[in-house]
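# Fold and contact review
Chain residues, written in single-letter form:
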Amino acid sequence: MKPAPFTWSAAPTLDAACGTMRAGGRAIAGGQSLGPMLNLRIAQPDRLVSIARISALCGVSETADDVTIGACVTHAQIEDGQAPDIGQDILPRVAANIAYRAVRNRGTIGGSLCHADPAADWVTVLLALGAQALTHAPSGSRIIALDGFFTGAFRTNLTPGEVLHAIRIPRLTPDARFGYYKICRKPGEFAHAMAAVFISKNIARVVIGALGTIPLVLMGAEATPDGVEPAFRSRTTMLDEVTQHMQLTAVKRAFARAAA
Amino acid sequence: MIQVQADLVREKSGVGASVLRKEDDRYMRGQGEFIADIKRPAMQELAFVRSPVAHAFIRGVKKPAGYEDRVFIAADLVGVSPITAISALPGFKRSSQPILATDKICHVGEPIAVCVAQTRAEAEDIAALVELDLEELPAIVDMRAALQPGSLLVHEPWGDNVFLETSVDHGFAAAASGAPIIISKHLRTARQCMSPMEGRGVVAMWEPRLEQLVLHTSTQMPHIVRSGLSECLGLPEDMVRIIAPDVGGGFGYKGILLGEEVCAGYLARHLGHPVRWIEDRREQLTGNANCREHDYELTAYADHDGMLLALDARAIVDAGAYSLYPFSACLEAAQIASILPGPYRMNGYRCITWSAATNKPGILPYRGVARAGVCYAMEVIMDAIAQETGLPPEEVRLRNLVLPSMMPFDNITNKHFDSGDYPEALRRALNAIDMPAWRARQAAATGTVKIGIGLAVFCEQGAHGTSVYAGWGIPMVPGFEQASARLTADGGLELRVGIQSHGQGLETTLAQVAHESLGLPIERIKITHGDTGLTPYSTGTWGSRCMVMAGGAVATACQDLAARIAPIGAHLLQVATDDVTVAHGYVSTGSRHVSIAEVARTWYRRPQDLPDGIAHGGLEVTAGYKAKRDSGTFSYAAHAAVVSVDTETGDIALLDYAICEDGGTLVNPMIVDGQLIGGIAQGIGTALYEAMRFDDNGQPSASTLADYTLPGATEMPRLRIEHMATPSPYTVFGQKGIGEGGAIGPPAAIANAVNDALRPLGVELSALPITPHMVMSALLRARRDTA
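Residues numbered from 1 in each chain as written. Chains lettered and ligands numbered in written order. Predicted model: local features only at pLDDT ≥ 70, side-chain atom pairs only at ≥ 80, totals over all residues. Heavy atoms only, no water.

The helix and strand tally for chain B stands at 20 helices and 28 strands. The C-alpha atoms of chain B give 28 Å as radius of gyration, which agrees with the globular expectation for 787 residues (28 Å, within 12%). With respect to the principal axes defined by its C-alpha atoms, chain B has extents near 95 × 70 × 50 Å. In chain B, which comprises 787 residues, the proportion classed as buried is 65%. The contacts of chain B with a sequence gap of at least 6 include a subset with a gap of at least 24, amounting to 80%. When the accessible surface of chain B is split by element, carbon and sulfur atoms take 51% of a total near 27100 Å². Across chain B, the mean location of the 66 positive side-chain charges is 2 Å away from that of the 88 negative side-chain charges. (Helix = DSSP H or I, 4+ residues; strand = E, 2+ residues; numbered from the N terminus. Rg over C-alpha atoms; globule rule 2.2 N^0.38 Å. Buried < 20%, exposed > 50% of the residue type's maximum accessible area, 1.4 Å probe, protein only. Contact = heavy atoms within 4.5 Å. Areas by Shrake-Rupley, 256 points an atom, 1.4 Å probe, with all protein chains shown as cover. Lys, Arg positive; Asp, Glu negative; His and termini not counted. Charge placed at Lys NZ, Arg CZ, Asp CG, Glu CD.)

Turning to the overall build of chain A, a few remarks are in order. Helix and strand content of chain A: 10 helices and 14 strands. In terms of overall dimensions, chain A is globule-like: its C-alpha atoms have a radius of gyration of 18 Å, near the 18 Å expected for 260 residues. Seen along its three principal axes, the alpha-carbon backbone of chain A occupies a region of about 55 × 45 × 35 Å. Counting every position in chain A, which comprises 260 residues, the buried fraction comes to 53%. Long-range contacts, defined here as pairs at least 24 residues apart, represent 60% of the contacts in chain A between residues at least 6 apart. Element-wise, carbon and sulfur atoms account for 53% of the exposed surface of chain A, whose accessible area totals about 11200 Å². The distance from the centre of the 25 positive side-chain charges to the centre of the 20 negative ones in chain A is 6 Å.

Cis peptide bonds are those with omega within 30 degrees of zero, and the linkage from Y325 of chain B to P326 of chain B qualifies with 5 degrees. Relative to the assigned elements, P326 of chain B resides in the loop between β14 (308–318) and α9 (331–339). The step from M407 of chain B to P408 of chain B runs through a cis peptide bond, and the omega angle for that step is -10 degrees. Within the secondary structure, P408 of chain B is located in the loop between α11 (393–400) and β16 (409–410). If you check the backbone angles, F154 of chain A has positive phi at about 60 degrees while not being a glycine. Looking at F154 of chain A, the relative accessible area reads 47%, which means it is partly exposed.

Moving on, we come to the interface of chain A and chain B. Buried accessible area, meaning the area lost when the parts come together, often serves as the stated size of an interface. At the interface, 22 residues of chain A touch 30 residues of chain B. Both sides together, the interface formed by chain A and chain B hides about 2200 Å², and carbon and sulfur atoms give 55% of it. Where chain A meets chain B, there are 4 salt bridges. Among the ionic pairs, E241 of chain A bridges to R784 of chain B, the shortest N-O distance being 2.4 Å. (Buried area = accessible area lost by both parts, 1.4 Å probe. Salt bridge = Lys/Arg side-chain N within 4 Å of Asp/Glu carboxyl O.)

This brings us to the side chain of H216 of chain B. Its location among the elements puts H216 of chain B in strand β10 (residues 212–217). Beyond its immediate chain neighbours, meaning those up to four positions away, H216 of chain B contacts I35, I38, R40, G201, V202, V203, M205 and I243 of chain B.

Now for the pairing of strand β18 (residues 449–462) of chain B. Residue and element names in this part refer to chain B. Where burial is concerned, most of β18 is hidden: 13 out of the 14 residues are buried. Across 14 bridges, the pairing between β18 and strand β26 (residues 633–646) is antiparallel. In the strand pairing of β26, L455 is matched with A640. (Pairing = 2+ DSSP bridges.)

With that out of the way, let us pick up the state of the cysteines. In protein structure, a disulfide is the covalent linkage between the sulfur atoms of two cysteines. All names here are of chain B. Scanning the entire structure with this criterion turns up 0 disulfides over all chains. C263 takes part in no disulfide bond, and the closest cysteine sulfur to it belongs to C115, at a distance of 10 Å. You can call C263 buried: its relative accessible area is 0%. There is no disulfide at C291, and the cysteine sulfur nearest it, in C193, is 7.3 Å away. Take C291: its relative accessible area is 1%, and that puts it in the buried class. (Disulfide = S-S within 2.5 Å.)

Residues and elements named next belong to chain A. As assigned here, chain A comprises domain 1 (7–49), domain 2 (56–170) and domain 3 (178–259). With 10 residues of domain 1 in contact, the opposing surface of domain 2 contributes 17 residues. Around 1100 Å² of area is buried between domain 1 and domain 2 when both sides are counted, 74% of it from carbon and sulfur atoms. The largest share of the area that domain 1 buries against domain 2 comes from L14, C18 and Q32, three residues that together contribute 47% of it. For the pair domain 1 and domain 2, the number of links is 0 salt bridges. Put simply, domain 1 and domain 2 have 1 residue pair in polar contact (both at pLDDT 80 or more) between them. In terms of residue count, the dominant contributor to the side of domain 1 that touches domain 2 is helix α1 (residues 14–22) (5 residues). Looking at the side of domain 1 that touches domain 2 residue by residue, the class counts come to 5 nonpolar, 3 polar and 2 charged. (Domains from an automatic or database assignment. Polar contact = N/O pair within 3.5 Å; in protein donor to acceptor, adjacent residues only side chain to side chain. Nonpolar A, V, L, I, M, F, W, Y, C, P; charged D, E, K, R; others polar.)

A separate point is the nonpolar core. Residues I208 of chain A together with I750 of chain B are the most contacted members of the largest nonpolar core, which totals 193 residues. It is helix α10 (residues 371–389) of chain B that provides the largest number of residues to this core, a total of 11 residues. Setting aside its immediate chain neighbours within four residues, I750 of chain B contacts A641, V643, L654, Y657, I684, A687 and L688 of chain B. V19, C558, V594 and V599 of chain B belong to the second largest nonpolar core, which has 54 residues in total. (Core = buried A, V, L, I, M, F, W, Y, C linked by side-chain atoms within 4.5 Å.)

Moving on to the sheet that holds strand β4 (residues 104–105) of chain B. Residue and element names in this part refer to chain B. Within the open sheet, the 3 strands sit side by side as β4-β2-β6. Their pairing is antiparallel. Both edges of this open sheet fall to β4 and β6 (131–136), since each of them pairs with a single strand only. Strand direction decides the pairing type here: strand β2 (residues 56–62) and β4, joined by 2 bridges, are antiparallel. In the strand pairing of β4, F57 is matched with K104.

Moving on: the pairing of strand β28 (residues 719–724) of chain B. All names here are of chain B. Alignment of strand β27 (residues 652–662) against β28, held across 6 bridges, turns out to be parallel. Bridge assignment links C660 to a residue of β28, and that residue is E722. Assessed by its sense of winding, the connection that carries the chain from β27 through helix α18 (residues 669–689) to β28 is right-handed. (Right-handed = clockwise from strand over helix to strand, strands pointing away.)

Looking now at the environment of V275 of chain B. Residue and element names in this part refer to chain B. Note that V275 resides in strand β12 (residues 275–278). Separated by 50 residues in the primary sequence, V275 and V225 place their C-alpha atoms 18 Å from one another. Excluding residues within four positions of it along the chain, V275 makes contact with M43, Q44, L46, V202, V203, A204, A264, L267 and A268.

Here's what the structure looks like:
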């Protein structure tokens, strides 16, 4: 379980990272997913470029409407309140339940989104919160709504040489309610079912993750306690009965948490 | 000569004292030396090319160009023999486990070639270039299918897939006849991967000066590895020295002769430099030995008073592809047949077992060996009798348990229970969890979360010796356990034992035994173990045997040493040898004493002070020990588990857990508690988490600990541990083997608790581990059936 040969360099700046990546380099941030993949030789890049120390990726900022978290901010930093919250302590609470603290100390919010694991907490939660991905490339920057960012399990629409720069998350309005529930047997285990519910005056959004593919986003009438089940079942006919039941239980409990 | 009050020097560090572990100082400071800490000049690393498929003919193995001298295949290992672990039980079919596969692959992960390089990563790079030409065959994956007539064969010459079939019948038909209650159950337990924190590993080197292969390996049984390695390499045993350094957990996983050890030994001798192989987690999970996969068809015959009259059992063990050395493919099933009746009385018993061959790794006896499965099977039957008769589950058990007035008791399979009060253990466990209070809470739980209570009672044969193992006829039969004891010139005591301590704290407990015998300060007693060059022969550490056997050997050696000390002390005291006693660190006569240290100093440093003819044998002895009966000690325990089951997610939580155990005289109660806690964690793994599944092609489903779920600290409930202490009449201090018990009870207690919670909903589960998916699947089916 040792990786195939590769070269490693630390990019000093965002543009340097983009350049290396366009030349075939693969970005590594906290390495909490890529590390094991390298060791198992599932991933065999020739060239790794570390983006973890690029200061432009490690900052946070906030406005009256939203908070922006650098892609290389760690789960632990968010858990510890070193990044601004969007309200109701949502981001620290989600961060605190990702894997184990040892993983959270190194794993980054941007790395989690770029890895695009269907069972990752941030993928489901940030979809529900209506977050945006801020990307950077020498050719220009993009702002991509997160539901257009993921193109499949472990796939995003980042182009070669394009780096996820930061994540922008709208603040919770006073009328907004959020609930998140995941089913796993023990801390650190990948969730068997997960759902996030976001309800405000104008928006109802239910996101169901851990489906083995990109999370299912339900909106409007389908994102109500009564509307979810038929919508979910009709879109997941390939899932077995037990998995469907567990997912719907996660949805039900996410609604209950949103109402609490 | 010193005058002392002997009773004042007696410190509280002998048998029965919770002495802090001597070995922990180095462990807590990170100064333990495990196999991967060992470095030698010019040492190179090994990486194995392992089979990607479960069943195939090998058409060719092509070494990559330019690396011909760094890659070794079976044909390169000249004079090396395969591993064969036979059983003398009639009908046993032998397998031949190649060191590197020759013409056929029998399971995923089987070694085909070995690559040598400066670093493990480079060795793996070379391994990735080795080309395999394999003709894949359909895999035999399920043990029941493997036993069907016409099944494909793992070993074609056998004609079937049965290592061994056994059959016993103790008055079954007569006892079962006319029974008013007949209950049948089909139960399965999952294949597990034993997962010590430290995997296996080998550092092998050839020592030209000694003309000896010195092989460091992470093992529980260095002497057995030496015998097996010598046979495979064709080297006489005096040319092989096995050293087990600090070993980071064993649990049975390291009770084996590994092909990797043979390979490393061969290469070290022929390459002229040391080589090292460190097992990684993927190799542990996907390629190396597994455990615990049983299938039971049980029919119990009972009466309306809840008395078990007779038991009929058909048990299959999935033994995988090869019979592993030294325990063989058949120990597990043989143990099922002999201990399935557990701590209960019955008049009739019939059991047929099959050790089935499949295209999976071979099996090893994991902590508790077959007892975890057997206890689960038997305790499910006890609950079923309770259901049929309407009696409380505890009452059924109390009626069927062997009673203290019957001890010692020869059970229906002629197991000789040495001592104990089994019903009292159950009563104390029930009391510890407050059974009536939980029953009330259970009745009040009307929401989606249900509560259940489950029980398990078992006894654990440990430290069984020659007569038991001779009957199985495997490559290893324990005889007299030996210990060497040597006084140093400054009055310290060196003990050498052939067992191996890999977490049990034997460096402490054996010192306590010696302290009990001679009274020397415990910090002046040094234990050397795990080295065939330094220690007397032993079959090693397994079967909860060390405290009984090595403890007995140390006590015996200390007594023999005392007999050497006595005449010297008597001379120094100027009295007859018959007039002195040796204890508490002194040779005493009346109120006069001379210290053992003074005796040692005199014999080694001032021999001129002794007349000729005294103690010519010196102050070093090796003694052998067998218990008064070698049929084993029987520790026992009752476990009581309380669970909650979320009927919408299938999630199971342990709300309370109590154990009342009796290990006879406990040498170190603190260490026994540690053994229990660790064992229970593993038992919880068997009950709720651990399963290595294989697909239809024999591919294992997990290759990291992210996929193979082990319980961790967060899954451990608060444990209530109660001790009873009924001495064994057959051992030196009355101690009993207790090391495995923690792992035996939880699968039964937890499974019964889950079924207790779910039974009102029409659900009863009959396989381990009980996963949320399994619970929900059964609940949804039951809801559909009622709808």
